[in-house]
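Understanding the architecture of this molecule
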Amino acid sequence: MESRDQQFEGEVGERAKVLRSAAGLTLDELATRSGVSRAMISRIERGEASPTAALLARLCEGLGLSLSAFFARDEAAPSPLSRRDGQRLWRDPHTGYLRRSVSPAGTGSRVDIVEVEFPAGARVAFPPREESRVMTQHVWLFDGLLDMVFAAETIRLEPGDCLFMDIGDAFEFHNPSDKPARYAVILDRGR
């Protein structure tokens, strides 16, 4: 039997295609906006490739969406309650990190909350994106260790630590330990 995260991974390509069409963008226009090749977007939409976290973030920025908005269900009547068993899961095919969309979808809030289980030794880099300069996030570590790597410094987070940051500049998440890390990202999409 297929797990919920495996089932949703199969829907990522279709979701990307629906959102691109809803935005009125061609493959070429989304490629230009996101910096992701037309061929890769096409492969993702056809379900032939599973995007990494960094690549999916670039596609979302090209669509003018947060990752949480990408993963949100299209529901006729949004609810202010998001129960754990109904929250969307996605696993990065490159690092194996598991992302859970915690925030209730469709509320109109600028804030998205995400829970992440980050494998030992994993590393995910996000390039600088001008479109993200209006967004900020808190990274709140629950378990393990997490290094937040920026151009000029690395900040090590230990359980209970919370780091506030702008997300327009290049940065990366790195788990330097041999144990998984678990943390929350609280993203504010606008100032």
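Everything that follows concerns the structure shown earlier in this document.
Note that this is a predicted model, so its numbers are computed, not measured.

Reading guide: rules and limits
Residues numbered from 1 in each chain as written. Predicted model: local features only at pLDDT ≥ 70, side-chain atom pairs only at ≥ 80, totals over all residues. Heavy atoms only, no water. Pairing = 2+ DSSP bridges. Helix = DSSP H or I, 4+ residues; strand = E, 2+ residues; numbered from the N terminus. Axes fitted to C-alpha atoms, helices over the stretch in contact; angles between N-to-C directions. Buried < 20%, exposed > 50% of the residue type's maximum accessible area, 1.4 Å probe, protein only. Contact = heavy atoms within 4.5 Å. Parallel < 35°, antiparallel > 145°, perpendicular 65-115°, else oblique. Left-handed = near helix turned anticlockwise from the far one by under 90°.

1. Let's talk about the sheet that holds strand β3 (residues 111-118)
- Strand order in the open sheet made by the 6 strands is β1-β2-β3-β10-β5-β8, with antiparallel pairing throughout. At either margin of the open sheet sits one strand with a lone partner, and together these are β1 (89-91) and β8 (162-166). When strand polarity is set aside, the average angle formed by the axes of neighbouring strands in this sheet is 20°.
- Looking at chain direction, β1 and strand β2 (residues 98-101) are connected through 3 bridges and run antiparallel. From the neighbouring strand, Trp90 faces β2, where its bridge partner is Arg99.

2. Some remarks on the environment of Cys162
- Along the chain, the position of Cys162 falls in strand β8.
- You can call Cys162 partly exposed: its relative accessible area is 46%.
- Between the alpha carbons of Cys162 and Trp140 there is a distance of 4.2 Å; along the sequence they are 22 residues apart.
- With sequence-adjacent residues up to four places away left out, Cys162 is seen in contact with His138, Val139 and Trp140.

3. What to know about the packing of helix α2 (residues 27-34) against helix α4 (residues 53-63)
- Closest axis-to-axis distance for the α2/α4 pair is 8 Å, and the angle between their directions is 110°. Classified by the angle between their axes, α2 and α4 sit roughly perpendicular to one another. Helix-helix and strand crossings are classified by hand; for α2 and α4 the assignment is right-handed. For the pair α2 and α4, contact is made by Leu30, Arg33 and Ser34 and by Arg58, Leu59, Gly62 and Leu63, respectively.

4. A look at the sheet that holds strand β4 (residues 123-126)
- Strand order in the open sheet made by the 4 strands is β4-β9-β6-β7, with antiparallel pairing throughout. Two strands close off the open sheet at either side, each with one partner strand: β4 and β7 (154-157). Looking at each pair of strands side by side, their axes are set apart by 15° on average, direction ignored.
- Of the pairings in the sheet, the one linking β4 to strand β9 (residues 171-174) comprises 4 bridges and is antiparallel in character. Among the inter-strand pairings, Arg123 is bridged to a residue of β9, identified as His174.

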